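Residues per chain are reported as follows:
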Amino acid sequence: MVLLTGFNKIKTAVFISGKGSNLKALIKFSKLKKSPININLIISNNPKSKGLKFAKIFKIKKKVFNYNHKNLSEKKILFELKKNKIKLICLAGFMKILSKYFIKNFKGIILNIHPSLLPKFKGLNTHERAIKNKEKYSGCTVHIVNSKLDSGKIILQKKVKIQKYDTPKTLADKILIQEHKLYPKAIMEIFSL
Ligand code: GRF
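Remember, predicted model here, so these are calculated numbers, not experimental data.

*Asks:* Looking at this structure, how should I read the side chain of Thr-12?
*Replies:* Within the secondary structure, Thr-12 sits in strand 1 (residues 10–16). Accessibility expressed as a relative area gives 0% for Thr-12, which makes it buried. Excluding residues within four positions of it along the chain, Thr-12 makes contact with Ile-37, Asn-38, Ile-39, Asn-40, Leu-41, Ile-86, Leu-88 and Cys-90.

*Asks:* Is there a simple way to explain the layout of surface pockets in this structure?
*Replies:* Computed from the structure, the largest pocket encloses a volume of approximately 930 Å³. Taken together, 35 residues line the largest pocket, and the ones lying closest to its centre are Gly-93, Phe-94, Met-95, Ile-113 and Pro-115. Elements with a contribution of two residues or more to the lining of the largest pocket: helix 1 (21–30), strand 5 (109–114), helix 5 (126–132) and helix 6 (168–191). Classifying every residue of the lining of the largest pocket by side-chain character gives 14 nonpolar, 15 polar and six charged. Within this model, the second largest pocket holds a volume of roughly 240 Å³. Lining the second largest pocket we find Ile-131, Lys-134, Glu-135, Lys-136, Lys-161, Ile-162, Gln-163, Lys-164 and Asp-166. For the lining of the second largest pocket, the residue count by class is two nonpolar, one polar and six charged.

*Asks:* Please explain the sheet that holds strand 5 as it appears in this structure.
*Replies:* Strand order in the open sheet made by the seven strands is 3-2-1-4-5-6-7, with mixed pairing throughout. Looking at which strands have only one partner, the edges of the open sheet turn out to be strand 3 (61–64) and strand 7 (154–161). In this sheet, neighbouring strand axes are inclined to one another by 20° on average, regardless of whether the strands run parallel or antiparallel. As defined by bridge partners, strand 1 adjoins strand 2 (residues 37–44) across seven bridges and the pair is classed as parallel. Bridge assignment links Lys-11 to a residue of strand 2, and that residue is Asn-38. Relative to strand 2, helix 1 is tilted by about 155°, and along the sheet it contacts strand 1, strand 2, strand 4 (88–91) and strand 5. Contacting strand 1, strand 2, strand 3 and strand 4, helix 3 (residues 70–83) runs over the sheet at an angle of about 160° to strand 2.

*Asks:* It is not clear to me how the nonpolar core should be interpreted in this structure. Could you clarify?
*Replies:* In summary, soluble globular proteins display a tendency toward joint burial of nonpolar side chains. By size, the foremost hydrophobic cluster in this structure holds 31 residues, and its most contacted members are Val-14, Tyr-183 and Ile-187. Sort the elements by how many residues they give to this core and helix 6 lands first, with six residues. With residues near it in sequence (within four places) discarded, Ile-187 still touches Leu-26, Phe-29, Pro-36, Ile-37, Cys-90 and Leu-111. Residues Ala-13, Leu-41, Tyr-67 and Ile-77 belong to the second largest nonpolar core, which totals 19 residues.

*Asks:* Please explain a positive patch on the surface as it appears in this structure.
*Replies:* Among the surface-exposed residues, Lys-24, Lys-28, Lys-50 and Lys-53 lie close enough to one another that they form a single positively charged patch. Mapped onto the elements, Lys-28 comes out in helix 1.

The rules behind each value
- Residues numbered from 1 in each chain as written.
- Predicted model: local features only at pLDDT ≥ 70, side-chain atom pairs only at ≥ 80, totals over all residues.
- Heavy atoms only, no water.
- Helix = DSSP H or I, 4+ residues; strand = E, 2+ residues; numbered from the N terminus.
- Buried < 20%, exposed > 50% of the residue type's maximum accessible area, 1.4 Å probe, protein only.
- Contact = heavy atoms within 4.5 Å.
- 1 Å grid on protein atoms, 1.4 Å probe; cavity = no way out; pocket = protein on both sides within 12 Å on 5 of 7 lines; lining within 4 Å.
- Points joined across faces, edges and corners; volume = space filled by probe spheres on them.
- Nonpolar A, V, L, I, M, F, W, Y, C, P; charged D, E, K, R; others polar.
- Pairing = 2+ DSSP bridges.
- Axes fitted to C-alpha atoms, helices over the stretch in contact; angles between N-to-C directions.
- Core = buried A, V, L, I, M, F, W, Y, C linked by side-chain atoms within 4.5 Å.
- Patch = residues over 30% accessible without salt bridge, like charges linked within 9 Å, V, L, I, M, F, W, Y side chains within 5 Å.
- Areas by Shrake-Rupley, 256 points an atom, 1.4 Å probe, with all protein chains shown as cover.
- Salt bridge = Lys/Arg side-chain N within 4 Å of Asp/Glu carboxyl O.
- Lys, Arg positive; Asp, Glu negative; His and termini not counted.
- Charge placed at Lys NZ, Arg CZ, Asp CG, Glu CD.

Listed below in structure tokens is the structure:
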């Protein structure tokens, strides 16, 4: 068995736009001995992302790109990823869609966590739509990112029951708790041979 240290773990970048609770869960996971990843870089399109505070707390390099010019921002991000030898990107509440160009030119794996049981409810407002549709269950999905939105190979899913009294907010909160467990589990699944 290979002993994983910060040096030989898979260099990972986490992309965020908001609170960063999934980022926090991934950082905590990355510190475990059994974790195959190390988080080397945090990227955000939003300078006001609350999650950026975790860069300071955990001493991780962070970069913010304004996305006024998407093509240019993506090129700069690709450069940064290459410079930092990043082999895995974890999208965690990143509210920008990566272009085909970006996906083709990043030589590594890109994962995303989505708050629904894909292929149901791709895109935004998933909880609202699941409740409106009178679904019995919703949940979350970790999948590989390809050029079609929320459509890449599914790695793992977790079901969450929708109760009669659930609102989009209560459902989001319940699912988020599961997201924090599912993302690390999916990473283990991909990288532990
Ligand atoms: C999560 O529900 C994630 O699935 C979705 O956006 C939310 C981000 O939450 N794409 P956080 O920023 O990780 O707290």
